[in-house]
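Coordinate inspection notes
Take a look at the letters that make up each chain.
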Amino acid sequence: MTESYGAAFVVRWMEAAAGAVEREAGRLTELDSAIGDADHGANLRRGFAAVAEELAKEPPGTPGAVLVTAGRLLISTVGGASGPLYGTLLRRAGKELGEAGEVTRDGLARALAAGVAAVGQLGGAAPGDKTMLDALTPAVAALPESFAAARAAADAGAAATVPLRARKGRAGYLGERSVGHQDPGATSSALLFAALEEVAAG
Amino acid sequence: MRMLINVPETVVEDGLRGLAAAHPELTVDVERRVVVRRDAPVAGKVALVSGGGSGHEPLHAGFVGPGMLDGACPGAVFTSPVPDQMVRAAAAVDSGAGVLFVVKNYTGDVLNFEMAVELAEDEGVRVATVLVDDDVAVTDSLYTAGRRGTGATLFVEKLAGAAADEGAPLERVEALARRVVARSRSFGVALSSCTTPAKGSPTFDLPPGELELGVGIHGEPGRERRGMMTAREIAEIAVDAVLDDLRPSDPVLLLVNGMGGTPLLELYGFNAEVRRVLDARRVPVARTLVGNYVTSLDMAGASVTVCAADEELLRLWDAPVATPALRWGR
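Note that the structure is predicted; figures quoted are calculated from it, not measured.

1. So, the interface of chain B and chain A
- Across the contact, 29 residues belong to chain B and 23 residues belong to chain A.
- Summing both partners gives a buried area of about 2,100 Å² for chain B against chain A, and 58% of it is carried by carbon and sulfur.
- Remark: the boundary between chain B and chain A carries one salt bridge.
- At the level of secondary structure, the elements contributing two or more residues to the side of chain B that touches chain A comprise helix H2 (83–93) and helix H3 (107–122) of chain B.
- With six residues, H3 of chain B is the single largest residue contributor to the side of chain B that touches chain A.
- Broken down by class, the residue content of the side of chain B that touches chain A amounts to 13 nonpolar, 10 polar and six charged.

Listed below in structure tokens is the structure:
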């Protein structure tokens, strides 16, 4: 029998993501000061803290609604490029899930794939451009296999951004000087999948 | 680094409280970070709204007032504002004649303003957008974020603001703003890094005795790093970088802009050198503005922006303006 997950699971995922961002904010900011403007950790922490607070107050009833709410809040609180990009990822995935009260791992993978496609469209980036897509794309592809496989794929994708040359966002102005640094957006994207695996493992 | 602040977390709010105290003619929502003209919406007039990360003051809130912007949305330091701010500002200033968003070309600003356009249109506000991308130091290509928006933002906000003041409809104000962007180019030079309050140490490492040619207004690197030069030598490089990209056949509007940490005495001296180079290249200067307008916190350095003006643009430049940072006429 295929296991399925309800709204409470997705709420726990978002809370775990907020915890991970809080713990790793310093590292994200450090990565961002090498090739960006040293605010990725602070901006994401502000956003996910708002998400966790809102979901604790009034948790929506379906997995889709939880993701839509989380996405909306990220767009309203983060700013920069990461706000609209992370917000779109979750909002679009949530819309894809519709009104269903439960979701399977396969269903979640399909919804997140739609979210990742929307991120690519919004940001105009493709895998290999040294962005969050380099972690998200392999993670979503591996999710039907297992939560652990998705997490491992995200981590590997983030690590693989080190030798890449940035072509998008503020790191793009650095050109060759961006080579040799891990992308902060891919790193924070990997945190999302680490949180998902932790919550699934219970 | 010593800063005249309370704590880094409240610099934007503290600045807005001070702006409100100094300028009762503005309505400043400190918590939601929205600044609008107190008399907004102005009946029948197209409204202009801009916004961007803080740290570039007086841009944008210092340009809110008759003849220029109707509203401004400051984000966190060097971080674009969120769509909610622009939607709130648009709703507050729209008289029904529509709203023009003036957006500097950075990924974060572009994405947040795009979302704001959708949300504002859902609320029944007619919105047009102009993207400012004047910095010639950046190679423009399909595969990058493209040129950055810098000094030309002031020209767009002043000239389009004057057109809106004259009663031009949204389509005309938008077309004029695009024309200003197409006719404007900038080039910046840093003599020191900037320091953000949150980080407290220099954003980039510029050894003493060196300067960064083609720097961006967030301390983004430019074309190259060179040993220190005289104002005369820097002016030649900056002006030629601009003229390589735009050969004006009309007299120009000239902005010699300080990055925040360079004294006005030096800026005026630099302007003399810029003018000398423009004269030598046979580019007539119609109007000049010298001062700190599009800054990068405490960065030492300057940028040169040129806009090829025609009669209409000159008339709009001379039109009255009454904002905290730009004020003449009437």
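Alright, that's what it looks like, and here's the rest.
2. Observations concerning empty space enclosed by the protein
All names here are of chain B.
- Within this structure, the stated rule accounts for one cavity of 30 Å³ or more.
- In this structure, the largest cavity spans a volume of roughly 40 Å³.
- In terms of lining residues, the largest cavity is bounded by Asp135, Thr150, Ser186, Phe187, Gly188, Val215, Ile217, Met259 and Ser303.
- Among the elements that take part in the lining of the largest cavity, strand S7 (residues 184–190) stands out by supplying three residues, more than any other.
- By residue class, the composition of the lining of the largest cavity is four nonpolar, four polar and one charged.

3. Some details on the layout of surface pockets
- For the largest pocket, the calculated volume is near 970 Å³.
- For the lining of the largest pocket, the elements supplying multiple residues, two or more each, are helix H1 (7–35), helix H2 (40–57), helix H4 (82–97), helix H5 (105–123) and helix H8 (184–201) of chain A together with H3 and strand S6 (127–132) of chain B.
- Here the lining of the largest pocket takes seven residues from H3 of chain B, the largest share from any one element.
- Across the lining of the largest pocket, the residue classes tally to 23 nonpolar, 17 polar and eight charged.

4. So, the nonpolar core
- Core analysis: the largest hydrophobic core is formed by 65 residues, its most contacted members being Leu100, Leu154, Phe155 and Leu159 of chain B.
- Counting contributing residues per domain, this core is built from domain 1 (15–182) and domain 2 (184–316) of chain B, each supplying no fewer than three.
- Ignoring sequence-local partners within four residues, the contact set of phenylalanine 155 of chain B consists of Ala160, Val180, Ser184, Leu253, Leu254, Leu255, Thr305, Val306, Cys307 and Trp317 of chain B.
- The next biggest cluster of nonpolar side chains, apart from the first, holds 58 residues, and it includes Phe9, Ala109, Leu136 and Ala154 of chain A.

5. Remarks on the sheet that holds strand S2 (residues 34–37) of chain B
Residues and elements named next belong to chain B.
- In spatial order, the strands read S1-S2-S4-S3-S5-S6; together these six strands make up an open sheet with mixed pairing. On the outer flanks of this sheet lie strand S1 (26–29) and S6, each paired with one strand and no other. If you compare each strand with its neighbour and ignore which way they point, the axes differ by 20 degrees on average.
- Alignment of S2 against strand S4 (residues 71–77), held across two bridges, turns out to be antiparallel. Its bridge partner being in S4, valine 36 is matched across the sheet by glycine 71.

6. Some words on the packing of H2 of chain A against helix H3 (residues 63–77) of chain A
Residue and element names in this part refer to chain A.
- With their axes 9 Å apart at the nearest point, H2 and H3 run at an angle of 140 degrees to one another. The pairing of H2 with H3 is recorded here as oblique in orientation. Between H2 and H3 the crossing geometry is right-handed. Contacts between H2 and H3 involve Arg46, Gly47, Phe48, Ala50, Val51, Glu54 and Leu55 from the former and Val66, Thr69, Ala70, Leu73, Leu74 and Thr77 from the latter.
- Residue composition of the contact of H2 with H3, grouped by class: eight nonpolar, three polar and two charged.

7. Brief notes about the packing of aromatic side chains
- The final tally for this structure, using the stated rule, is seven aromatic pairs over all chains.
- Ring geometry for tyrosine 5 of chain A and phenylalanine 147 of chain A: centres 5.6 Å apart, planes at 85 degrees, overall edge-to-face. One end of the pair, tyrosine 5 of chain A, is in strand S1 (residues 4–5); the other, phenylalanine 147 of chain A, is in helix H7 (residues 147–159), and 142 residues separate them in sequence.
- Three or more aromatic residues joined by ring pairs form one cluster here, namely Tyr5, Phe9 and Phe147 of chain A.
- Sitting over the face of the ring of tyrosine 173 of chain A, arginine 148 of chain B holds its NZ or CZ atom 4.9 Å from the ring centroid.

What counts, and at which threshold
Residues numbered from 1 in each chain as written. Chains lettered and ligands numbered in written order. Predicted model: local features only at pLDDT ≥ 70, side-chain atom pairs only at ≥ 80, totals over all residues. Heavy atoms only, no water. Contact = heavy atoms within 4.5 Å. Buried area = accessible area lost by both parts, 1.4 Å probe. Salt bridge = Lys/Arg side-chain N within 4 Å of Asp/Glu carboxyl O. Helix = DSSP H or I, 4+ residues; strand = E, 2+ residues; numbered from the N terminus. Nonpolar A, V, L, I, M, F, W, Y, C, P; charged D, E, K, R; others polar. 1 Å grid on protein atoms, 1.4 Å probe; cavity = no way out; pocket = protein on both sides within 12 Å on 5 of 7 lines; lining within 4 Å. Points joined across faces, edges and corners; volume = space filled by probe spheres on them. Core = buried A, V, L, I, M, F, W, Y, C linked by side-chain atoms within 4.5 Å. Buried < 20%, exposed > 50% of the residue type's maximum accessible area, 1.4 Å probe, protein only. Domains from an automatic or database assignment. Pairing = 2+ DSSP bridges. Axes fitted to C-alpha atoms, helices over the stretch in contact; angles between N-to-C directions. Parallel < 35°, antiparallel > 145°, perpendicular 65-115°, else oblique. Left-handed = near helix turned anticlockwise from the far one by under 90°. Phe/Tyr/Trp six-rings, centres within 6.5 Å; stacked < 30°, edge-to-face > 60°. Lys NZ or Arg CZ within 6 Å of the ring centre and 35° of its normal.

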